[in-house]
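Each chain is listed here by its residues.
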Amino acid sequence: MPKVLTGVLLFILVLTSACQHQSAHGLTTTKPAEKKIKSTNVSVDYPGIYVESKIVEYDDYQYAVHFPKIESETWNRELELWAGERINMFKQETEELRVPGTTWPLELHIDFEIYDMTDKFISVKLIESKFLGGAHTEEMIYSYNFNREKQQLIALPDLFQENSNYLEVLSKLSGEKLLALPDMKKLLQDEYFKSGIRPKEDNFKQFAIKDGLFILFFQRYQVGPNSIGSPEIELTEGELQHILKEDYLTSSSDQNVVVELEIDEKVAVEETSILDPNKKHVALTFDDGPHHSVTSKILDALTEHHAHATFFVLGNRVEFHPELLLRMKAEGHEIGNHTWSHPQLTNLSQEEIREQVSSTDGQIMKITGEPATLVRPPYGAINETTLQSISHPIVNWSVDTRDWKSRNAESILKEVQKQVRDGSIILMHDIYPSTAEAVGNVLSWLSQEGYQVVTVSQLLGFGAGETVAEAGKVYSSQ
Ligand code: ZN
């Protein structure tokens, strides 16, 4: 999101000055770090939002559905229902299409974009893409607009005065604005175009409200061929002033809610973990977070057991939880990149893959001052295009706890006990309470068995001696 995070900038300055201070006094990295606590501010653009993710990782059938939740039960119930419907639809559509062992798993992917959030409104666009085995991915845009004061969803007719000819107005203005977009002029006589802007409600159902603008989303193929994608246009308050109800599009006068969080920083990373040669080693990895409650519980358990882990975070969750990223860093854990929204990368173009990775790195960097060290592709899915498009080392796993499926702390521990060996990389997910519940027991057992729990980079020896992490190389154990 394009907002300037002044608090984050402040944090980076604090870090920089801390480093200078250290070198000025000649401290070396091998000297045990002092545990100083320092408070620093970080701003959260959308306080009170957390992301719900429903992720299923079968070999032939996968989905990752993300949507935002807020303090409102009405909103949460609506979005939960909607997500459930989209998933059920996908299940029905794929029932007869699933082929076990396929290299082309069927996929549902839903990501969201927050257009605006004020005290009064929240406006969200949801983008659904589905791969059902054909030549193309199907794409649909949905939108949810919500009046937070009245606790009501806003439908298109709610915005306009009664008896106003709003559909005619939207049709006329859409025609003009769409034709002003590049390459649209030649579509003027096209049947697609004419029917896509015809004055009926279905054509204008997907919209957002933002800073005094009314934004209309058009579906792929609604107003033109695939090549124009799904265009969006902005209508101003002025253009709609004769038909709008007074309540609406005045959101620009409301300040966006931005909250400054104060975070206790351990200035230096606690305990420089050095691999103990007398022990066996293992790396715990947590994917798909950060999650507001699960991740903090896992961090608590790691601290208690003096263990360090690697968190492969999703970019679309990071901006809502800067405090968790700062905590990971301060407590000596490693932050990896698990893409922005968990798509199957093998269905994407090089450009789309790079965007998924670099937007996530950007978000991580804004908060911690550094990009991710490693990338884990969603579902562990890689092909030539993926390898060529990712300029980080790629880390998969050798022990799969299948915690997303069992949702059971005991069975997670059993999987670890059954599969682990010296040098293993263990896969878990920090979005399920059952995983948080398991981590303490997993750590106790590993320690009894003589394992030291370290980050992936430590396990693989990156940065130590001659060992250099190689971009585009896939690692799944030591
Ligand atoms: Zn994942």
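Provided above is the structure to which this section pertains.
Residues numbered from 1 in each chain as written. Predicted model: local features only at pLDDT ≥ 70, side-chain atom pairs only at ≥ 80, totals over all residues. Heavy atoms only, no water.

Undergrad: Just checking my understanding: could you explain the overall build of the protein chain for this structure?
TA: From N to C terminus, the protein chain includes 13 helices and 19 strands. Residues classed as buried in the protein chain amount to 51% of the 478 residues present. Relative to all contacts within the protein chain whose residues are 6 or more apart in sequence, the contacts with residues 24 or more apart total 72%. For the protein chain, the accessible surface area stands at approximately 21,900 Å², while carbon and sulfur atoms represent 50% of it. (Helix = DSSP H or I, 4+ residues; strand = E, 2+ residues; numbered from the N terminus. Buried < 20%, exposed > 50% of the residue type's maximum accessible area, 1.4 Å probe, protein only. Contact = heavy atoms within 4.5 Å. Areas by Shrake-Rupley, 256 points an atom, 1.4 Å probe, with all protein chains shown as cover.)

Undergrad: Sorry, what's going on with the sheet that holds strand β3 (residues 61-69) here?
TA: To summarise the sheet geometry, strands pair through backbone hydrogen bonds and adopt either a parallel or an antiparallel arrangement. On the basis of which strands lie adjacent, the open sheet formed by six strands has the order β2-β3-β4-β5-β6-β7 and mixed pairing. Looking at strand neighbours, the two that pair on one side only are β2 (50-57) and β7 (152-153), the edges of this open sheet. Packed onto the sheet, helix α2 (residues 73-94) meets β2, β3, β4 (106-117), β5 (121-131), β6 (138-147) and β7 and runs at close to 165 degrees relative to β3. (Pairing = 2+ DSSP bridges. Axes fitted to C-alpha atoms, helices over the stretch in contact; angles between N-to-C directions.)

Undergrad: I'm lost on the coordination of the zinc ion in this one. Help?
TA: Six octahedral donors around a metal ideally sit at 90 or 180 degrees from one another, while four tetrahedral donors ideally sit at 109.5 degrees. Summarising the metal site, the zinc ion is bound by the protein donors Asp-288 (OD), His-338 (NE2) and His-342 (NE2), whose distances to it range over 2.1 to 2.2 Å. Between consecutive donor residues of the zinc ion, the sequence gaps follow D-x49-H-x3-H. Residue Asp-288 is located in the loop between β12 (280-287) and α5 (294-304), and its partner His-338 is located in the loop between β14 (334-337) and α8 (350-368); the two are separated by 50 residues in the primary sequence. The same class applies to Asp-288 and to His-338, which are both buried. (Donors = N, O, S within 2.8 Å, 3.2 Å for Na, K, Ca; no water.)

Undergrad: Honestly, the nonpolar core in this entry has me stumped. Any pointers?
TA: Considering soluble globular proteins, one finds that nonpolar side chains tend to be buried as a cluster. Leu-284, Phe-286, Leu-302, Phe-311 and Leu-446 are the most contacted members of the largest nonpolar core, which totals 39 residues. Residue contributions to this core peak at seven residues, all from helix α12 (residues 433-448). With sequence-adjacent residues up to four places away left out, Leu-302 is seen in contact with Leu-284, Phe-286, Ala-307, Ala-309, Phe-311, His-333 and Leu-443. With 37 residues, the next largest nonpolar core counts Val-51, Tyr-63, Ala-83 and Trp-404 among its residues. (Core = buried A, V, L, I, M, F, W, Y, C linked by side-chain atoms within 4.5 Å.)

Undergrad: How do you make sense of the packing of aromatic side chains when you look at a structure like this?
TA: The relative placement of two aromatic rings is captured by the distance of their centres and the angle of their planes. All told, the structure shown has 18 aromatic pairs when counted by the stated rule. Between Tyr-58 and Trp-404 the ring centres are 5.2 Å apart and the planes differ by 90 degrees, which places this aromatic pair in the edge-to-face class. A residue pair is termed long-range when its members are at least 10 positions apart, and Tyr-58 in the loop between β2 and β3 and Trp-404 in helix α10 (residues 403-406) qualify at 346 residues. Tyr-58 sits in the partly exposed class, given a relative accessible area of 28%. Each residue in the set Tyr-58, Tyr-61, Tyr-63, Phe-90 and Trp-404 is aromatic and connected to the rest through ring pairs, giving one cluster. Against the face of Tyr-58 rests Arg-98, its NZ or CZ located 5.3 Å from the ring centre. (Phe/Tyr/Trp six-rings, centres within 6.5 Å; stacked < 30°, edge-to-face > 60°. Lys NZ or Arg CZ within 6 Å of the ring centre and 35° of its normal.)

Undergrad: Which parts of the structure should I look at to understand the side chain of Thr-94?
TA: With respect to the helices and strands, Thr-94 occurs in helix α2. Here Thr-94 is in contact with Tyr-61, Leu-106 and Leu-132, once residues within four sequence places are set aside.

Undergrad: Can you help me understand α12 in this one?
TA: Note that an α-helix has 3.6 residues per turn; residues three or four places apart therefore point the same way. Between its first and last C-alpha atoms α12 spans 24 Å; for 16 residues at 1.5 Å apiece the expected length is 22 Å, and the two agree. If you look at α12, its biggest bend is around 30 degrees, right at Val-439. Among the residues making up α12, those that are buried are Ser-434, Thr-435, Ala-436, Ala-438, Val-439, Val-442, Leu-443, Trp-445 and Leu-446. Those residues of α12 hidden inside the fold are in contact with β12, α5, α10, α11 (409-419), β17 (424-429) and β18 (451-454). Immediately downstream of α12, the backbone of Gly-450 shows phi near 85 degrees, a positive value. (Expected span 1.5 Å × (residues − 1). Bend = angle between axes of the 7 residues up to and from the residue.)

Undergrad: What is the right way to read the pattern of salt bridges from this model?
TA: When charged atoms on two side chains of opposite charge get close, those side chains can pair. The full count for this structure, using the stated rule, is 19 salt bridges. A salt bridge links Glu-176 to Lys-172; the nearest nitrogen and oxygen atoms lie 3.2 Å apart. Separated by four residues within a single helix, Glu-176 and Lys-172 lie in helix α3 (residues 166-179), roughly one turn from each other. Note on Glu-176: relative accessible area 43%, which makes it partly exposed. Using a relative accessible area of 55% as the deciding quantity, one classes Lys-172 as exposed. Beyond isolated ion pairs, a larger network of salt bridges with shared partners links Glu-52, Lys-54, Lys-69 and Glu-80. (Salt bridge = Lys/Arg side-chain N within 4 Å of Asp/Glu carboxyl O.)

Undergrad: What am I meant to see in the packing of α5 against helix α7 (residues 322-330) here?
TA: Packed helix pairs are characterised by how far apart their axes lie and by the angle those axes make with each other. In the contact formed by α5 and α7, the axes pass within 11 Å of each other and the chain directions differ by 15 degrees. When the axis of α5 is compared with that of α7, the two are roughly parallel. The element α5 and its partner α7 pack so that their crossing is left-handed. Contacts from Thr-295, Ser-296, Leu-299, Asp-300 and Thr-303 of α5 reach α7 at Leu-324, Arg-327 and Met-328. Residues of the contact of α5 with α7, tallied by class, amount to three nonpolar, three polar and two charged. (Parallel < 35°, antiparallel > 145°, perpendicular 65-115°, else oblique. Left-handed = near helix turned anticlockwise from the far one by under 90°. Nonpolar A, V, L, I, M, F, W, Y, C, P; charged D, E, K, R; others polar.)

Undergrad: Would you mind showing me how to read the side chain of His-109 here?
TA: For His-109, the position within the fold is in strand β4. Using a relative accessible area of 9% as the deciding quantity, one classes His-109 as buried. A polar side-chain atom of His-109 sits 2.9 Å from a polar atom in the side chain of Ser-341. (Polar contact = N/O pair within 3.5 Å; in protein donor to acceptor, adjacent residues only side chain to side chain.)

Undergrad: Quick question: what am I supposed to make of the sheet that holds strand β10 (residues 232-236) here?
TA: If you walk across this open sheet you meet the three strands as β8-β9-β10, and the pairing is antiparallel. Lying at the two open borders of the sheet, with one neighbouring strand each, are β8 (207-210) and β10. When the angles between neighbouring strand axes are averaged without regard to direction, this sheet yields 25 degrees. As defined by bridge partners, strand β9 (residues 213-217) adjoins β10 across five bridges and the pair is classed as antiparallel.

Undergrad: Would you take a moment to explain the pairing of strand β13 (residues 310-313) for this structure?
TA: Each regular strand displays side chains that alternate between the two surfaces of the sheet. Alternating positions in β13 separate into two faces, Thr-310 and Phe-312 on one and Phe-311 and Val-313 on the other, with burial throughout. When β12 meets β13, the two strands line up parallel, connected through three bridges. Note on β13: the bridge partner recorded for Phe-286 is Phe-311. One crossover worth recording links β12 to the parallel β13 by way of α5, and it is right-handed. Both β13 and β14 contribute to a ladder of four bridges, which runs parallel. Bridged to Phe-312 within β14 is Gly-336. (Right-handed = clockwise from strand over helix to strand, strands pointing away.)

The quantities given are spatial measurements derived from coordinates; they are silent on function.
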